[in-house]
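# Report on the structure
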Amino acid sequence: MKVLGIMGSPRLKGNTDLLLDEALKGAHDGGAETEKVIVDKLKIAPCKEYYGCLKDGNCAIRDDMDDLYRKILDADAVIVASPIFFYTVSAQLMLPISRCQALWARRYVLKNLDIPVKRGAFIAVGATKGAKLFDGPKLTIKYFFQAINAEYTEELLIRGVDKKGEIKEHPDALADAYAIGRRLATS
Ligand SMILES: Cc1cc2nc3c(=O)[nH]c(=O)nc-3n(C[C@H](O)[C@H](O)[C@H](O)COP(=O)(O)O)c2cc1C
């Protein structure tokens, strides 16, 4: 059982990072092999609409996404974590998401059914408390999960947390993140 965590914040040891670490700890304690990818440290171009993927399901661009495609395809569960930036996920996270158009093309254009099904969890944290704070990012992640053949099985959406590390003062967010990881690994 492999659980891949995709960390979308540029702020290391910030709120997203701490939540994802707890989720991965839960998955590890549940017996899973875990790996965390920090997208801000990777060189990943956005989708350029070359549409090589429509021919054979492979992106024409060669960069760190090559490795991330392999990791995504290899995982039994993917946890995507992001801060909310302008009512969506971070720009850093949108880069690999846009490149997963290649996997979408494999599934929905080339009708390639070889992309293994996996489970998906979304963790997000924003500073404000608006009712619609997560509407946009949830749609983005649901569609991303469709492309990588992940079922949207878990979510942890935290409002009202802003300063670096402030999530540690939240009454139950870190425990909830841990529980999500453990459930992904064990159920
Ligand atoms: C560029 C930028 C845009 C942001 N946009 C929003 C927003 O639209 N809504 C919101 O609630 N918080 C917004 N925030 C606040 C962050 O979501 C918040 O500080 C979060 O806790 C950061 O998580 P991190 O420590 O994992 O990076 C924004 C912060 C930045 C830097």
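Presented here is a report on the structure given in the accompanying data block. Computed from a prediction, not measured in an experiment: that's the story for all the values here. (Residues numbered from 1 in each chain as written. Predicted model: local features only at pLDDT ≥ 70, side-chain atom pairs only at ≥ 80, totals over all residues. Heavy atoms only, no water.)

### Comments concerning helix α1 (residues 15-29)
Compared with an ideal rise of 1.5 Å per residue, which puts 15 residues at 21 Å, α1 spans 21 Å between its outermost C-alpha atoms and is within 8% of the ideal. One or two steps after α1, the chain reaches Gly 31, where phi turns positive at roughly 105°. (Helix = DSSP H or I, 4+ residues; strand = E, 2+ residues; numbered from the N terminus. Expected span 1.5 Å × (residues − 1).)

### A look at the site of the ligand
Around the ligand, the surrounding shell holds 17 residues, and the nearest of these are Ser 9, Thr 16, Thr 128, Val 161 and Asp 162. Contact between the ligand and Phe 86: a nitrogen atom at 2.9 Å from a main-chain N or O atom of the residue. The side chain of Asp 162 places a nitrogen or oxygen atom 2.5 Å from an oxygen atom of the ligand. Calculation on the ligand without its partners gives an accessible area of 650 Å², and the protein chains cover 77% of this total. (Near = heavy atom within 4 Å. Polar contact = N/O pair within 3.5 Å; in protein donor to acceptor, adjacent residues only side chain to side chain. Areas by Shrake-Rupley, 256 points an atom, 1.4 Å probe, with all protein chains shown as cover.)

### Some words on the nonpolar core
By size, the foremost hydrophobic cluster in this structure holds 33 residues, and its most contacted members are Ile 72, Ile 141, Phe 144 and Ile 148. Listing elements by their share of this core, those giving two or more residues are β1 (2-7), α3 (65-74), β3 (77-83), α4 (91-99), α5 (101-109), β4 (118-125) and α6 (135-147). The leading source of residues in this core is α3, at four residues. Once you skip the residues sitting within four places of it in the chain, Phe 144 turns out to touch Val 80, Ile 97 and Cys 100. (Core = buried A, V, L, I, M, F, W, Y, C linked by side-chain atoms within 4.5 Å. Buried < 20%, exposed > 50% of the residue type's maximum accessible area, 1.4 Å probe, protein only. Contact = heavy atoms within 4.5 Å.)

### Things to note about the sheet that holds β3
Think of a sheet as strands paired side by side through backbone hydrogen bonds, with each pair either parallel or antiparallel. Taken together, five strands build an open sheet; the order of strands is β2-β1-β3-β4-β5 and the sheet is parallel. Whereas interior strands pair on both sides, the edge strands pair on one side only; in this sheet they are β2 (33-38) and β5 (150-158). When the angles between neighbouring strand axes are averaged without regard to direction, this sheet yields 15°. Judged from the seven bridges that link them, β3 and β4 form a sheet pairing that is parallel. Across the sheet, residue Pro 83 finds its bridge partner in β4, namely Val 125. (Pairing = 2+ DSSP bridges. Axes fitted to C-alpha atoms, helices over the stretch in contact; angles between N-to-C directions.)

### Things to note about the environment of Thr 153
Within the fold, Thr 153 resides in strand β5. A C-alpha to C-alpha distance of 16 Å links Thr 153 and Phe 134, two positions 19 residues apart in sequence. Setting aside anything within four residues of it in sequence, one finds Thr 153 in contact with Arg 119, Gly 120 and Leu 184.

### Some points on the side chain of Ser 82
Structurally, Ser 82 is set in strand β3. Overall, the relative accessible area of 0% leaves Ser 82 in the buried class. Polar contacts involving the side chain of Ser 82 include one to the main-chain amide nitrogen of Ser 90, which spans 3.1 Å. Here Ser 82 is in contact with Thr 16, Val 89, Ser 90, Leu 93, Ile 123, Ala 124 and Val 125, once residues within four sequence places are set aside.

### Brief notes about the pattern of salt bridges
Across all of its chains, the model carries eleven salt bridges by this definition. For Asp 21, the salt bridge goes to Lys 13, with nearest N and O atoms at 3.6 Å. A residue is classified by how much of its surface remains accessible, and Asp 21, at 24% relative accessible area, is partly exposed. In this structure, Asp 67 and Arg 70 form a salt bridge, with 3.8 Å as the shortest nitrogen-oxygen distance. Of this pair, Asp 67 and Arg 70 both sit in helix α3, separated by three residues, roughly a single helical turn. The partly exposed category is assigned to Asp 67, whose relative accessible area is 36%. Of the residues examined, Arg 70 reaches a relative accessible area of 56% and is grouped as exposed. Connected through salt bridges with shared partners, the residues Lys 13, Asp 17, Asp 21 and Lys 36 form a single ionic network. (Salt bridge = Lys/Arg side-chain N within 4 Å of Asp/Glu carboxyl O.)

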